[in-house]
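# Examining the three-dimensional arrangement
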Amino acid sequence: NSTPLPRAIARSSQQFPRLCTTREALLTKECCPLWEGDGSACGARSGRGSCEDAAVSDQPDGPQYPFSGLDDREKWPLVFYNRTCQCAGNFMGFNCADCKFGYFGENCNERRETLRRNIHHLTRSERNRLVSYLNLAKQTVSRDYVVATGTYREMGNGSSPMFADVSVYDVFVWMHYYVSRNALLGGPGNVWPDVDFGHWAPAFSPWHRVYLLHWEHEIRKLTGDTSFSIPYWDWRDAQGCDVCTDDLMGARSRQDPSLISPGSVFSSWKVLCSQAEVYNTRGVLCDASEEGPIRRNPGNHDQNLVERLPTSAEVEFTLSLPNYDTGAMDRTANMSFRNTLEGFGDPRTGLGSSSRLGMHAALHVFMNGSMSSVQGSANDPIFILHHAFVDSIYEQWLRRHRPAPSQYPESNAPIGHNGDYHMAPFLPLHRNKEYFISSKELGYEYSYLLNANQRFAESMRPFLEEIQDVWPWILLAGLCGGIITIIIAAALLITKRKYKGMLWSSGKSWSNVFSLPERQPLIWGNDTKEANHHNYQTTM
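Described below are features of the structure shown in this document.

Cut-offs and rules
- Residues numbered from 1 in each chain as written.
- Predicted model: local features only at pLDDT ≥ 70, side-chain atom pairs only at ≥ 80, totals over all residues.
- Heavy atoms only, no water.
- Disulfide = S-S within 2.5 Å.
- Buried < 20%, exposed > 50% of the residue type's maximum accessible area, 1.4 Å probe, protein only.
- Helix = DSSP H or I, 4+ residues; strand = E, 2+ residues; numbered from the N terminus.
- Contact = heavy atoms within 4.5 Å.
- Salt bridge = Lys/Arg side-chain N within 4 Å of Asp/Glu carboxyl O.
- 1 Å grid on protein atoms, 1.4 Å probe; cavity = no way out; pocket = protein on both sides within 12 Å on 5 of 7 lines; lining within 4 Å.
- Points joined across faces, edges and corners; volume = space filled by probe spheres on them.
- Phe/Tyr/Trp six-rings, centres within 6.5 Å; stacked < 30°, edge-to-face > 60°.
- Lys NZ or Arg CZ within 6 Å of the ring centre and 35° of its normal.

### Some points on the state of the cysteines
Enumeration according to the criterion identifies seven disulfides in this entry. Across a sulfur-sulfur distance of 2.1 Å, C87 and C96 are joined as a disulfide pair. Given an S-S torsion of about -95 degrees, the disulfide between C87 and C96 has left-handed geometry. Its relative accessible area of 0% is what places C96 among the buried residues. Covalent S-S linkage joins C241 and C244, the inter-sulfur distance amounting to 1.9 Å. Note on the C241 and C244 pair: the S-S dihedral is about 75 degrees, so by sign convention the disulfide is right-handed. The pair formed by C241 and C244 is uniform in burial state, with each residue classed as buried.

### Points about the side chain of H417
Along the chain, H417 falls in the loop between α9 (382-401) and β15 (444-446). Those residues within four positions of H417 in sequence are excluded, and the remaining contacts are D196, F197, G198, H199, A201, P202, A203, F204, Y408, P409 and N432.

### Things to note about the pattern of salt bridges
Taken as a whole and judged by the stated rule, the model has 33 salt bridges. The shortest N-O distance in the salt bridge between R143 and D144 comes to 3.9 Å. What makes D144 buried here is its relative accessible area of 4%. Note that R308 and E314 form a salt bridge whose closest N and O atoms lie 3.1 Å from each other. With a relative accessible area of 32%, R308 lands in the partly exposed category. Connected through shared salt-bridge partners, E113, R116, R209, E216, R220, D391, E395, R399, K440 and E445 make up one network.

### Here's the deal with the layout of surface pockets
For the largest pocket, the calculated volume is near 590 Å³. Going through the elements one at a time, β4 (49-53), β5 (83-87) and β6 (91-92) are the ones with two or more residues in the lining of the largest pocket.

### Examining the packing of aromatic side chains
To describe a pair of aromatic rings, you give the distance between the ring centres and the angle between the ring planes. Applying the stated rule across the entire model yields 37 aromatic pairs. When the centroid spacing of 6.2 Å and the interplanar angle of 70 degrees are considered together, the rings of F16 and W76 count as edge-to-face. Taken as a pair, F16 in the segment before α1 (23-28) and W76 in the loop between β4 and β5 lie far apart in primary sequence, 60 residues in all. By relative accessible area, F16 is classed as buried at 0%. When the centroid spacing of 4.9 Å and the interplanar angle of 70 degrees are considered together, the rings of F16 and F80 count as edge-to-face. Here F16, found in the segment before α1, pairs with F80, found in the loop between β4 and β5; they are 64 residues apart in sequence, far enough to count as distant. The exposure classification of F16 matches that of F80, with both residues buried. Among the aromatic residues, ring-to-ring pairing joins F16, W76, F80, Y81, Y152, F163, W174 and Y178 into one connected group. Note that R111 overlies the ring of Y103, its terminal NZ or CZ placed 5.0 Å from the centroid. Sitting above the plane of the Y444 ring, R116 keeps its charged end 3.9 Å from the centroid.

Okay, here's the thing in structure tokens:
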């Protein structure tokens, strides 16, 4: 982490901003809230931004979704809003109140790089802070955002808003559900499953990168801790869920192996938007109500689908693939870095449509519970750690291959994934191709991508904290030992002077005092020796 700086004045950014969910905002299709700093829309008076028409790309999509005008995510955000804030300079946010990623301060002119660390290299206080912050986000109702519980058509085209309050954490659970849900074509059971605006295609890596950046920012805003950064779980070659402990993400319950141990705060969490089949059967959106505890039973998954957790060799093979995406740019793509990283390309051959899932998808299946449902997976806090590591692999690939911007497809990708497409359901707007860049340009780094000396220093941090914790006691013990030594030395010196005076007056020497008559042997008897030996042991 890095040295905290003054917190930016206002709010973060994603959908749906509470200020943009009124009947008036939906009917006018305008989301340009006032900035509190000067009372103008988008902070226009202060030069932070302006309310502008939302421009969308007219490039053709791939054939996977053969409909038009049926899904609210099409040509995002035009179904809900055709005017939004466009921010200037380093400003960002649905009302331009925030700073772009990597910038801080009231005027967003303070550049800073934060460090995402291996969760096993966090100090004890950092681990406690992580769990505490996660739970705070889960228990705190979001002040700035609400979630949609109905389609725009069900809202009467905006005349009857349908939104619900959820916690800060659950805003992100809902967002992941919403981007990946099936398309509702009208009526019970009438859905199109072969569509996902954040998975199965090129935007998988950029979309989740933006998702994590916003999540990180929300935690900083909630806690006031601008030094906070997301840790990652390096699952390469792991034999099991080594973050499933009560001091981290929660151990397995002894009473029910599919639940989290009651010794973890996460055992009390309730999930939402986790019953995709129920929503599809009814032809409705998730209503954001609680649906029971987090489920997790790592390792007891379908072995035919996932053999084990990914290996270092599989990660290295994935990184070696030079093309970001190929062919139809979906789950069938061969020799595609994106498709192999996501888990639908074989991590040993690179061939798409693999019968076994690998890499990113393998971890989801391995966890065997809430994480195993695409739409509901963000309910488990392990999701954040997992996707931070997936993002780090994406970052390694970008640094190794240095792709030209043109490697990201401008057209014919599955709907939602072309370069100029705005990511659903984010407000403010982010285009996919804008995040086909290094994390360092976005203000963060991964600890295991540092140089060797820096990595060693990072791995030593937890041990140094332990030493710092016991150092006062070591110092106190040393001080007490020194005082005792001084007292003994002083006593010996006084005794020596006293006896020296007595001997001097009697004409004896020190050697005479300690010399023994020759008739007394200098060999101790057996009984005496054993007695003294026993006392030595007792003393020790």
